[in-house]
Amino acid sequence: MSVTVFVYGTLKRGKHNNYLMSNSKYLGVGVTKRKYAMYEHGIPYVSQKTQTTEIVGELYEVDRHTLKSLDMLEGHPDWYVRQEVEVLFIQDHIANFSEDDIRVKTAWIYFNEQIPKNAIENETGIFESGNNRYASQLL
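Residues numbered from 1 in each chain as written. Predicted model: local features only at pLDDT ≥ 70, side-chain atom pairs only at ≥ 80, totals over all residues. Heavy atoms only, no water.

**Q** Whenever I open this one, the overall build of the protein confuses me. Can you help?
**A** Secondary structure summary: the protein contains two helices and eight strands in total. Helices (α) and strands (β) of the protein occur, in sequence order from the N terminus, as β-β-β-β-β-α-β-β-β-α. Nonlocal contacts in the protein, meaning residues at least 24 apart in sequence, comprise 76% of its contacts between residues at least 6 apart. (Helix = DSSP H or I, 4+ residues; strand = E, 2+ residues; numbered from the N terminus. Contact = heavy atoms within 4.5 Å.)

**Q** Looking at this structure, I do not really get the packing of aromatic side chains. What am I missing?
**A** How two aromatic rings sit relative to each other is given by the distance of their centres and the angle of their planes. Applying the stated criterion across every chain yields a total of five aromatic pairs. Between Y45 and W79, the aromatic rings sit 6.2 Å apart at their centres with planes inclined by 80°, giving edge-to-face as the arrangement. Of this pair, Y45 sits in strand β4 (residues 43-47) while W79 sits in the loop between α1 (64-74) and β6 (81-91), placing them 34 residues apart in sequence. On the basis of relative accessibility, which here comes to 6%, the residue Y45 falls in the buried class. You can call W79 partly exposed: its relative accessible area is 33%. Members of the aromatic cluster, connected to one another through ring pairs, are Y45, W79 and Y80. One Lys or Arg, R13, reaches over the ring of Y26 and ends 3.8 Å from the middle of that ring. (Phe/Tyr/Trp six-rings, centres within 6.5 Å; stacked < 30°, edge-to-face > 60°. Buried < 20%, exposed > 50% of the residue type's maximum accessible area, 1.4 Å probe, protein only. Lys NZ or Arg CZ within 6 Å of the ring centre and 35° of its normal.)

**Q** Would you explain the environment of K49 in this entry?
**A** Along the polypeptide, K49 turns up in the loop between β4 and β5 (56-63). It is 7.3 Å that separates the C-alpha atoms of K49 and Y36, two residues lying 13 residues apart in sequence.

**Q** Could you clarify how one ought to interpret the pairing of β5 in this entry?
**A** Residues in a regular strand point their side chains to alternate faces of the sheet. For β5, a buried count of six out of eight residues is recorded, marking the element as mostly surrounded by other parts of the structure. When strand β1 (residues 2-7) meets β5, the two strands line up antiparallel, connected through six bridges. Opposite T4, over in β5, you have E61 as the bridge partner. Pairing geometry for strand β2 (residues 25-32) and β5, over six bridges, is antiparallel. Residue pairing across strands places K25 opposite E61, the latter belonging to β5. (Pairing = 2+ DSSP bridges.)

Below, the structure written as structure tokens:
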């Protein structure tokens, strides 16, 4: 059985923890339907306490083994906490799309309310940009 995961930091394509997604199916770029706050202190932290901006990331279909590995990496449930959210996304292979191509998908995301005191708020919701060529059109 597989589940959908929304990643916004070091698990994205081209980032150093993406190797954990190697057995997963990449679905495309996504943006959270609701607003949250993103902070950075070497790594990103997404908080539910403040609603600043939509978070931009990638959607993957992962198996239970990969989900367990992600939980271990994120320290779930003691450090990051995995919860389901709604994400707007466009399948990556669609080059010219309309609003009809935007889908809403429920996905797991990792929140962290243990924000370091010297973390910087990221008002764009995009951690190190990466491949987000559709993100601005989803907002």
